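# Per-entry structural report
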Amino acid sequence: MNTNAKQLNNTPDGEDRFSALISNSSAVRALAASVEGTLGPKGLNCMLVDRFGGVTITNDGSTILSRVEANHPAAGMLVQAAEAQDAEVGDGTTTTAVLAGALLSEGVEQIMRGVPVAKVIEGMRAGIVRALEVIDSLTKEVSGFDDPLLWQAAYISARGMKDIADLVVEAARLAGMEQLRECGWHLAEIVEAEEGAKNQVFSGLIIKKERLNRMMPRSIDNARVLVIDDSLEPEHLEDDALGTESGFSRYMAIQEEFKESVNKIVKLGIGLVVAHKSVSDAAEEILTDAGVMVIRRASSRDIIRIAEHTGAKIIKRTGLSRTPQEIQEFLGACARVYGDERLEHTRIEGGQGRPAATILVGAATREVKEERERIARDAASAVQSVLLSGVVPGGGAAEIAAAREILALRDETGGMASYGVDCVTEALRRPLSQIVTNAGFNPLEKVEDVIAAQSEKRCASLGINCDTGEVSDMYALGVVDPAKVKTAAICTAAEIAEAILRINVIIKRRDNTPVAPHADIPAGG
Ligand SMILES: Nc1ncnc2c1ncn2[C@@H]1O[C@H](COP(=O)(O)OP(=O)(O)OP(=O)(O)O)[C@@H](O)[C@H]1O
Ligand SMILES: [Mg+2]
């Protein structure tokens, strides 16, 4: 197969039978190396520069991986894995990359020693299953919003930013367990960051749009809300039609009908009109005179959010020809809508539909704003994960506990597959090793210290205090991670490592051959 492939691609001679494996694993390791320096409390930042000189400074693994120019297909697979981790749990992307890079390099080493790929994968799978069981057994549930472990997990995920930890825990409380449990609802999505804003959590929405003109009221209490997924314009007539007498009469009739529709809005006492597209001058004039607030060109996402929160049913422009009684059925309501001219946004609070909360994160500059927004999103994801899945000791301690348990599995497994188990043991030592390296300590020494201390004291929460370098209890230090973030990181890393280890040969595809998205990663192998 390799020979055929070389003939097909005219690959130069001299490549050994592991060329695909080596090329893929080098690319993944190089990419993992670009983020590992950011891991943990003493991790440094990465400065991403685009070709126009645009700069992003960040510590967030998913931001780095999603923006890095990764030309190698295997590196692209790691980027996809990081994105999958981010979409599923919203945090732990650097840990995923570090684990994937380590699993892969360990796997490649074993294969090059002569262990069959199938045996490496068999052992890896067994090791991963045991690791997940250990993480599960270490998991502590939190008792609710007031459990100190919840705040600690937020604080750790927020990289020690106390104000952000406070904000996200308060927002979770406001959102309530029912909403937090809802599949597809993410606390991270309610985070908004703005330059010059004050940190705040409130029940309601922020729409990044201002009212149509400043003669419209800036604030309305107890507003009825009309949401139009369309323009608020009269029906358009072709220019040709206007040239005829009947066409002109039709035009005049349309203008009259339109004015009547707009007057219905006024008579119904509607306070806020939100349109997805443009609003005509005639409508603007009537609605301004009547003291109605209008927001135009709201995004589709905002249209849906406003309708859900205020309980409005979205209407099309033609729907305005209905009777006022019928239009009433489409109206929503909110306790208050007001425009913040300094922050150039509009807030809708106390809607009578589905409850909504917003986490507003203030920042001094644009760069800081973006990073604070990312950190708040990570922390919000962590809080939601902790409430749903509990916590495990952080700082790489849980991974070390799993690695210790897997040593016993190695003896049970026996045969060639035990080399695959070794890959998992080694990989699970990497997060602690990287965290202490980034904190300026010797990783070999510290990892061994932790393994010895955990075994001796039979305590899985022992890790390294990154300030002093001493072995310490992670619970006592308040260093905890969401269990779901940890298990998802292990699963995602294992999936990508296995997929890459299975690639035996790389063949150049003819250009433009359509390929199904993610065809490169077979589910479960
Ligand atoms: N004070 C601390 N002492 C020890 N370990 C810590 C401390 N604070 C955080 N950690 C550990 O650092 C790791 C998380 O680091 P980091 O947030 O940089 O990466 P990540 O969550 O894997 O990826 P992302 O870039 O998506 O946030 C976790 O294992 C966490 O327990
Ligand atoms: Mg993190």
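What comes next is a walk through the structure. Computed from a predicted model, the values in this text were never measured in an experiment.

## Some points on the overall build of the protein chain
- A tally of regular secondary structure across the protein chain gives 19 helices and 14 strands.
- Taking all 525 residues of the protein chain together, 51% fall into the buried category.
- The long-range share in the protein chain, meaning contacts at least 24 apart out of those at least 6 apart in sequence, stands at 74%.
- Side-chain charges in the protein chain split into 57 positive and 76 negative, and the spacing between the mean points of these groups amounts to 0 Å.

## A short note on the environment of lysine 140
- With respect to the element layout, lysine 140 can be found in the loop between α6 (117-138) and α7 (148-157).
- Since its relative accessible area comes to 39%, lysine 140 is described here as partly exposed.
- Separated by 250 residues in the primary sequence, lysine 140 and glycine 390 have C-alpha atoms spaced 5.3 Å apart.

## Description of the packing of helix α2 (residues 19-36) against helix α4 (residues 73-89)
- Following both chains from N to C, one finds α2 and α4 inclined at 45 degrees, their axes separated by 7 Å at the closest point. Taken together, the axes of α2 and α4 are oblique relative to one another. Here α2 and α4 pass one another in a crossing that is right-handed. Along the contact surface, α2 presents Asn24, Ala27, Val28, Leu31 and Ala32, while α4 presents Ala74, Ala75, Leu78 and Val79.
- Per-class residue counts for the contact of α2 with α4 are eight nonpolar, one polar and no charged.

## Regarding empty space enclosed by the protein
- Inspection of every chain in the model, using the stated rule, returns one cavity of 30 Å³ or more.
- The volume enclosed by the largest cavity comes to roughly 40 Å³.
- What lines the largest cavity is simply Leu99, Leu103, Ile128, Val424, Ala427, Leu428, Ile490 and Ala493.
- Among the elements of the structure, α5 (93-112), α16 (417-438) and α19 (483-501) are those that each provide at least two residues to the lining of the largest cavity.
- Per-element tally for the lining of the largest cavity: the top contributor is α16, with three residues.
- Considered class by class, the residues forming the lining of the largest cavity number eight nonpolar, no polar and no charged.

## Details of unusual backbone geometry
- Positioned with a positive phi, asparagine 222 is a non-glycine residue whose angle comes to about 45 degrees.
- Within the secondary structure layout, asparagine 222 lies in strand β5 (residues 219-228).
- In this structure, arginine 458 is a non-glycine residue whose phi angle is positive, near 50 degrees.
- With respect to the secondary-structure elements, arginine 458 resides in the loop between α17 (443-457) and β12 (462-464).

## A closer look at the nonpolar core
- Grouped together as the largest cluster of nonpolar side chains are 58 residues, with contacts concentrated most on Leu78, Leu103, Leu428 and Leu501.
- Of the residues forming this core, the biggest block, 10 residues, is contributed by α19.
- Not counting residues within four places of it along the chain, the set of residues in contact with leucine 103 comprises Met124, Ile128, Cys423, Val424, Ala427, Ala493, Ala494 and Ala497.
- One finds Leu150, Ala379, Ala380 and Val386 within the second-largest nonpolar core, a separate group that totals 35 residues.

## Comments concerning the layout of surface pockets
- A volume near 1,000 Å³ is recorded for the largest pocket.
- Lining the largest pocket we find 50 residues, and of these Gly40, Pro41, Ile156, Ser157 and Arg159 sit closest to its centre.
- Counting only elements with at least two residues in the lining of the largest pocket, the list comes to α5, α7, α14 (366-389), α16, α18 (474-477), β14 (480-482) and α19.
- The greatest single-element share of the lining of the largest pocket, amounting to six residues, is contributed by α14.
- Among the residues making up the lining of the largest pocket, the classes are represented as 21 nonpolar, 17 polar and 12 charged.

## Focus: the site of ligand 1
- Residues in close proximity to ligand 1 total 22 residues, the closest being Gly61, Thr93, Thr94, Thr95 and Gly395.
- In this structure, threonine 95 approaches ligand 1 through a side-chain N or O atom, which is 2.4 Å from an oxygen atom.
- The separation between an oxygen atom of ligand 1 and a polar side-chain atom of arginine 159 is 3.2 Å.
- Across the complex, the protein chains shield 90% of the 630 Å² of accessible surface that ligand 1 would expose by itself.
- Among the cavities detected, the one that contains ligand 1 is the largest pocket.
- The greatest single-element share of the shell around ligand 1, amounting to three residues, is contributed by α5.
- In terms of residue class, the shell around ligand 1 is made up of six nonpolar, 10 polar and six charged.

## Let's talk about the environment of glutamine 179
- Along the polypeptide, glutamine 179 turns up in helix α8 (residues 162-181).
- Glutamine 179 sits in the buried class, given a relative accessible area of 8%.
- Ignoring anything within four residues of it in the chain, the contact list for glutamine 179 reads Trp185, Arg354 and Pro355.

## Considering the pairing of strand β4 (residues 200-207)
- With respect to burial, β4 is a largely interior element, six of its eight residues being buried.
- Inspection of the sheet shows β4 paired to strand β10 (residues 357-363) by four bridges, in the antiparallel sense. Each bridged residue has a counterpart across the sheet, and for glutamine 200 the counterpart in β10 is leucine 360.
- Two strands pair when backbone bridges link them, and β4 and strand β9 (residues 345-351) are joined in this way by four bridges, in the antiparallel orientation. In the strand pairing of β9, isoleucine 207 is matched with threonine 346.

## A look at the pattern of salt bridges
- Tallying each qualifying case throughout the model produces 28 salt bridges.
- For the salt bridge of arginine 173 with aspartate 146, the shortest nitrogen-to-oxygen distance reads 3.0 Å. Separated by 27 residues along the polypeptide, arginine 173 in helix α8 and aspartate 146 in the loop between α6 and α7 bring together distant segments of the chain.
- Judged by relative accessible area, aspartate 146 falls into the exposed class, the value being 63%.

What counts as what
- Every chain's residues receive numbers from 1 upward, in the order its sequence appears when written.
- Chains and ligands are labelled sequentially in the order written, the chains with letters from A and the ligands with numbers from 1.
- Given that this is a predicted model, residues contribute local features only at a pLDDT of at least 70 and side-chain atom pairs are listed and counted only at 80 or more, while totals for whole chains, interfaces and linings are drawn from all residues.
- Note that the side-chain values use all heavy atoms of the structure and ignore hydrogens as well as water.
- Only DSSP runs of H or I reaching four residues or more are called helices, and only runs of E reaching two or more are called strands; each is numbered from the N terminus.
- Throughout this description, buried means an accessible area under 20% of the type-specific maximum (1.4 Å probe, protein chains only), exposed means over 50%, and partly exposed covers the range between.
- Between two residues, a contact is recorded if the distance between any of their heavy atoms is within 4.5 Å.
- When charges are counted, Lys and Arg contribute as positive and Asp and Glu as negative, whereas His and the chain ends are disregarded.
- Taken as the charge centre is NZ of Lys, CZ of Arg, CG of Asp or CD of Glu, depending on the residue.
- Fitted lines through C-alpha atoms serve as axes, helices being fitted only where they are in contact, and the angles separating the N-to-C directions of these axes extend from 0 to 180 degrees.
- Put simply, angles under 35 degrees are roughly parallel, angles over 145 are roughly antiparallel, angles from 65 to 115 are roughly perpendicular, and the rest are oblique.
- When the near helix sits turned anticlockwise from the far one by under a right angle, the crossing is termed left-handed; a clockwise turn instead gives a right-handed crossing.
- Side-chain classes follow a simple rule in which Ala, Val, Leu, Ile, Met, Phe, Trp, Tyr, Cys and Pro form the nonpolar group, Asp, Glu, Lys and Arg form the charged group, and the remainder, Gly included, forms the polar group.
- The distinction between a cavity and a pocket rests on a 1 Å grid over the protein atoms alone: a 1.4 Å probe fits inside a cavity but cannot get out, while a pocket stays open yet meets protein on both sides within 12 Å along at least five of seven lines, and a residue with an atom within 4 Å of a point counts as lining.
- Grid points are joined across faces, edges and corners, and a volume is the space filled by probe spheres set on the points.
- Buried Ala, Val, Leu, Ile, Met, Phe, Trp, Tyr and Cys residues that are joined via side-chain atoms within 4.5 Å together make up what is termed a nonpolar core.
- Proximity criterion: a residue is near a molecule or strand once any of its heavy atoms comes within 4 Å of it.
- Distance and chemistry together define a polar contact, namely a pair of N or O atoms within 3.5 Å, with one atom able to donate a hydrogen and the other to accept it when in protein, and with adjacent residues in sequence counting only for side-chain atoms on both sides.
- Reported accessibility uses the Shrake-Rupley method at a 1.4 Å probe radius. Residues are deemed covered only where the shown protein chains occlude them.
- To be counted as sitting in a cavity or pocket, a molecule needs more than half of its atoms within 2 Å of that site's grid points.
- By this definition, two strands are paired if DSSP reports at least two bridges between them.
- By definition, a salt bridge exists where a carboxyl oxygen of Asp or Glu is found within 4 Å of a side-chain nitrogen of Lys or Arg.

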